[in-house]
Amino acid sequence: MQDEKNPKEEPAEGREMLDEEAEKQLAGVPEHLRDQSDDDAEDEAGSDDTAKLAETIGKLKGDLDTARQEVLYARAETQNVRRRMEKDIADTRSYAATGFARDILSVSDNLVRAIESIPQELREDDKFKSLVAGIEATQRELERVFSQHGVTRVAAMGLPLDPNVHQAMMEIPSEDADPGTVIQEMQAGYLIKDRLLRPALVGVAKKPD
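Residues numbered from 1 in each chain as written. Predicted model: local features only at pLDDT ≥ 70, side-chain atom pairs only at ≥ 80, totals over all residues. Heavy atoms only, no water.

Some details on the overall build of the chain
From N to C terminus, the chain includes 6 helices and 6 strands. In sequence order, the secondary structure elements of the chain are arranged as α-α-α-α-α-α-β-β-β-β-β-β. Out of the 209 residues in the chain, the part that is buried amounts to 18%. Across the chain, the fraction of contacts at a sequence separation of at least 24, relative to all contacts at a separation of at least 6, is 61%. Just so you have it, the chain exposes about 16,300 Å², and 53% of that area is on carbon and sulfur atoms. (Helix = DSSP H or I, 4+ residues; strand = E, 2+ residues; numbered from the N terminus. Buried < 20%, exposed > 50% of the residue type's maximum accessible area, 1.4 Å probe, protein only. Contact = heavy atoms within 4.5 Å. Areas by Shrake-Rupley, 256 points an atom, 1.4 Å probe, with all protein chains shown as cover.)

Describing the packing of helix α4 (residues 98–117) against helix α6 (residues 126–148)
When two helices pack together, their arrangement is captured by the angle between the axes and the distance separating the axes. One can describe the packing of α4 onto α6 by two numbers: an axis separation of 10 Å at closest approach and a directional angle of 150°. Considering the angle they form, α4 stands roughly antiparallel to α6. The handedness of the crossing between α4 and α6 comes out as left-handed. Here Ile104, Leu105, Ser108, Leu111, Val112 and Ile115 of α4 lie close against α6, whose contacting residues are Ile135, Glu136, Thr138, Gln139, Leu142 and Phe146. Here the contact of α4 with α6 is composed, by residue class, of 8 nonpolar, 3 polar and 1 charged. (Axes fitted to C-alpha atoms, helices over the stretch in contact; angles between N-to-C directions. Parallel < 35°, antiparallel > 145°, perpendicular 65-115°, else oblique. Left-handed = near helix turned anticlockwise from the far one by under 90°. Nonpolar A, V, L, I, M, F, W, Y, C, P; charged D, E, K, R; others polar.)

So, the nonpolar core
Membership of the largest hydrophobic core is limited to 12 residues, which are Tyr95, Ala101, Ile104, Leu105, Leu111, Leu142, Phe146, Val151, Ala188, Tyr190, Ile192 and Leu197. No other element matches the 4 residues that α4 contributes to this core. Not counting residues up to four positions away in its chain, the partners in contact with Leu142 are Ile104, Ser108 and Leu111. Ala156, Val182, Ala200 and Val204 belong to the second-largest nonpolar core, a separate cluster that totals 5 residues. (Core = buried A, V, L, I, M, F, W, Y, C linked by side-chain atoms within 4.5 Å.)

Here's what the structure looks like:
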């Protein structure tokens, strides 16, 4: 009858054989080099972890810089939008009367024509003095209201033609004025603040033929 082997002893014997085989392979290798492979493996693993950590930190820094730039851009855009809105509101307030002022200019034109058409003898007539004074007072009041709302008359007579505020309707031969000088105003021009409400219709001088 064969002796039964203890199952617990077989692995121990196997381990002893493996250890002896490993010792034979390592025979002649200096002691300080035997553990180097393990240290190198640990160093390599640690180096990989450090590299991954540095890569992650670099990526996070890049994301942070990008986020900061986006915040700065968003803030600048918000400020630009606010400035545009403030300008639009200011323009709306400043030029709210533009349409009305342009329409009321025809009333002013008619008053001016009425005053200019009154002959001198009627101005001196006691029966018409009060009527003429009333029309002139109405014209002055209208000009005062225009001034309150920033509506001013365009200067024209005796000035060089300015296409920004003058519209030349004709050329008039003249020896007394330089060519291009406004010597006649057919219709007054007006500004509202710094914007042209209506150009002045003018005649400009030219050299006589």
